[in-house]
Amino acid sequence: MLIQADSASGQDAAYTLQAWRQAVFFSLFPLTSTALWISRRHFRKPGYLLTLWFVISIILYIYQSLNKSYYTQYFTESLPPLLLLTGACLSGWYKDYKVNHKDGRILAVLALFPALFLLQRAFWQSFHGIPVYIVLFTFLSPYLLLWLRLTDLKTSFRLSLINTLIISSFVLLARLVNLDPLLLTIAALFLLFYSSQAVLQYWGRTLKENRGKVGTLLLIFSWCFSAAFSGQVIAFNYETVWSRSTLKQVSAVLKQHSQDNGSVLSGGMIWTFESGLYPFARVSHPTEFLKKRHQDFESEFIANPPEFIILDGYTHRKFQRYELFIQRQIELYYQPVDTVQGSRYPVEILQLTGYPRQESHFLSKTDRP
């Protein structure tokens, strides 16, 4: 029953989808760069290999989310191929426009990222949603093209005015149907691409010239978007699963109720580190039990059960293979000590009672006679 409570407090579908949204929004600039570079249709073999690498990693991410019901970015890292493809895109842009690297205008555009990040970080409570970012940077991006001397004032004004009207109308319609922010952003990028091409072509630009300017417009848009979104989300406590207060309370409970050399079975290892206790079976990370040399989990548990089991929101995931066994042990031999709230997941502490304890046989080589 108690292990099921931990499962219920685990990462649900809504949190998994939110993790995917954040990953895309953080990486919107390299994703846009990669899409633009692939769309040129004349890259060579290394480009195919990098694209294949990126696609395979994304497929593994999707498999993880569908099969394991959660998403973690360190599962198979997709940023290396993505950044290499982004570098190829920027290198091509640099050559096409013969940009003077000594021109401070490019540096000024690059400096927009930390500037927007810090601005949004300072006013993070004034976040009005992804649609505001989309409309705001649709309006501003054409004038940054003007700043880079890639368009004239009239062209920038036309792009800004027409694109803002189109995107604003689309955003209002999307909000009426409650369109997901991720789908909204992707659809807005496509709409911005085609509307910008139509505006430039209507006023006599060539198709080849249009693609370069529209591509630069999308890069500027995604650069500013990622900067502002990062400033709204990332702080010193970003991705902190358990608060400092929770850590102190759990550590105090463990120290108060523990015996000498007590061990802890938990999803996170921070509890043992902070309280001075040992992880179960002296195994530094739960994933070690999935390896061949640690596949005798149940016999190790029976021979020397952990003094504490902590259901911290990750225990169910890390020990999913042994879920029924752990649940049975909890029902028979463990009782709740305390539950600490105040973090993403409640942390429930259970202590061993009435189990036929045996002498520990998990000694290091230096401890053995």
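As the structure is a prediction and not an experimental result, all values here were calculated from the model.

How each quantity is defined
Residues numbered from 1 in each chain as written. Predicted model: local features only at pLDDT ≥ 70, side-chain atom pairs only at ≥ 80, totals over all residues. Heavy atoms only, no water. Helix = DSSP H or I, 4+ residues; strand = E, 2+ residues; numbered from the N terminus. Buried < 20%, exposed > 50% of the residue type's maximum accessible area, 1.4 Å probe, protein only. Contact = heavy atoms within 4.5 Å. Areas by Shrake-Rupley, 256 points an atom, 1.4 Å probe, with all protein chains shown as cover. Pairing = 2+ DSSP bridges. Axes fitted to C-alpha atoms, helices over the stretch in contact; angles between N-to-C directions. Phe/Tyr/Trp six-rings, centres within 6.5 Å; stacked < 30°, edge-to-face > 60°. Core = buried A, V, L, I, M, F, W, Y, C linked by side-chain atoms within 4.5 Å. Parallel < 35°, antiparallel > 145°, perpendicular 65-115°, else oblique. Left-handed = near helix turned anticlockwise from the far one by under 90°. Nonpolar A, V, L, I, M, F, W, Y, C, P; charged D, E, K, R; others polar.

(A) Quick look at the overall build of the chain. Counting secondary structure elements, the chain contains 16 helices and 5 strands. Here the chain holds 369 residues, and the buried ones make up 46% of them. Nonlocal contacts in the chain, meaning residues at least 24 apart in sequence, comprise 72% of its contacts between residues at least 6 apart. By element, 62% of the accessible surface of the chain is carried by carbon and sulfur atoms, the whole surface being about 20600 Å².

(B) Local environment of the sheet that holds strand β4 (residues 334-340). If you walk across this open sheet you meet the 5 strands as β2-β1-β3-β5-β4, and the pairing is mixed. A single partner strand is all that each edge strand has here, and the edge strands are β2 (278-279) and β4. Both strand β1 (residues 263-266) and strand β3 (residues 308-311) contribute to a ladder of 3 bridges, which runs parallel. Opposite Leu-265, over in β3, you have Ile-309 as the bridge partner. This element, helix α16 (residues 323-333), spans β1, β3, β4 and β5 (347-352) of the sheet and lies at about 100° to β4.

(C) Structural detail: the packing of aromatic side chains. Evaluation of the coordinates by the stated rule reveals 22 aromatic pairs. Taken together, a centroid distance of 5.7 Å and an interplanar angle of 65° make the contact between Trp-242 and Tyr-314 edge-to-face. A residue pair is termed long-range when its members are at least 10 positions apart, and Trp-242 in the loop between α11 (207-233) and α12 (244-257) and Tyr-314 in the loop between β3 and α15 (315-318) qualify at 72 residues. For the pair Trp-242 and Tyr-314, one class covers both residues: buried. On the numbers, 6.0 Å between centres and 50° between planes, the contact of Phe-297 with Phe-301 is tilted.

(D) Focus on unusual backbone geometry. If you check the backbone angles, Asn-178 has positive phi at about 60° while not being a glycine. Tracing the backbone shows Asn-178 in the loop between α9 (153-176) and α10 (181-202). Asn-178 sits in the exposed class, given a relative accessible area of 67%. Unusually for a residue other than glycine, Ala-281 sits at a positive phi of about 60°. Assignment of secondary structure puts Ala-281 in the loop between β2 and α14 (297-303).

(E) Looking closely at the nonpolar core. Within the largest apolar cluster, 40 residues are counted, with the highest numbers of intra-cluster contacts made by Ile-130, Tyr-133, Ile-134, Phe-137, Phe-221 and Phe-225. Secondary structure elements with two or more residues in this core: α2 (13-26), α3 (28-38), α8 (130-147), α9, α10 and α11. Take this core: its biggest share by element is 13 residues, from α11. Those residues in contact with Ile-130, other than ones at most four positions away along the chain, are Phe-25, Pro-181, Thr-185, Phe-225 and Phe-229. With 17 residues, the next largest nonpolar core counts Phe-280, Ala-281, Phe-297 and Leu-350 among its residues.

(F) Summary view of the packing of α2 against α10. α10 packs onto α2 with a crossing angle of 30° between their chain directions and a minimal axis gap of 10 Å. Considering the angle they form, α2 stands roughly parallel to α10. Helix-helix and strand crossings are classified by hand; for α2 and α10 the assignment is left-handed. Taken together, the residues of α10 that come into contact with α2 (itself represented by Arg-21, Val-24 and Phe-25) are Pro-181, Leu-182 and Thr-185. Partitioning the contact of α2 with α10 into residue classes produces 4 nonpolar, 1 polar and 1 charged.

(G) Local environment of the pairing of β4. Of the strand pairs in this sheet, β4 and β5 are connected by 6 bridges, and their pairing is antiparallel. Bridge assignment links Gln-335 to a residue of β5, and that residue is Gln-351. Linkage of β4 to β5, two consecutive antiparallel strands, is achieved through a turn of 6 residues, within which Gly-342 is found at a positive phi near 105°.

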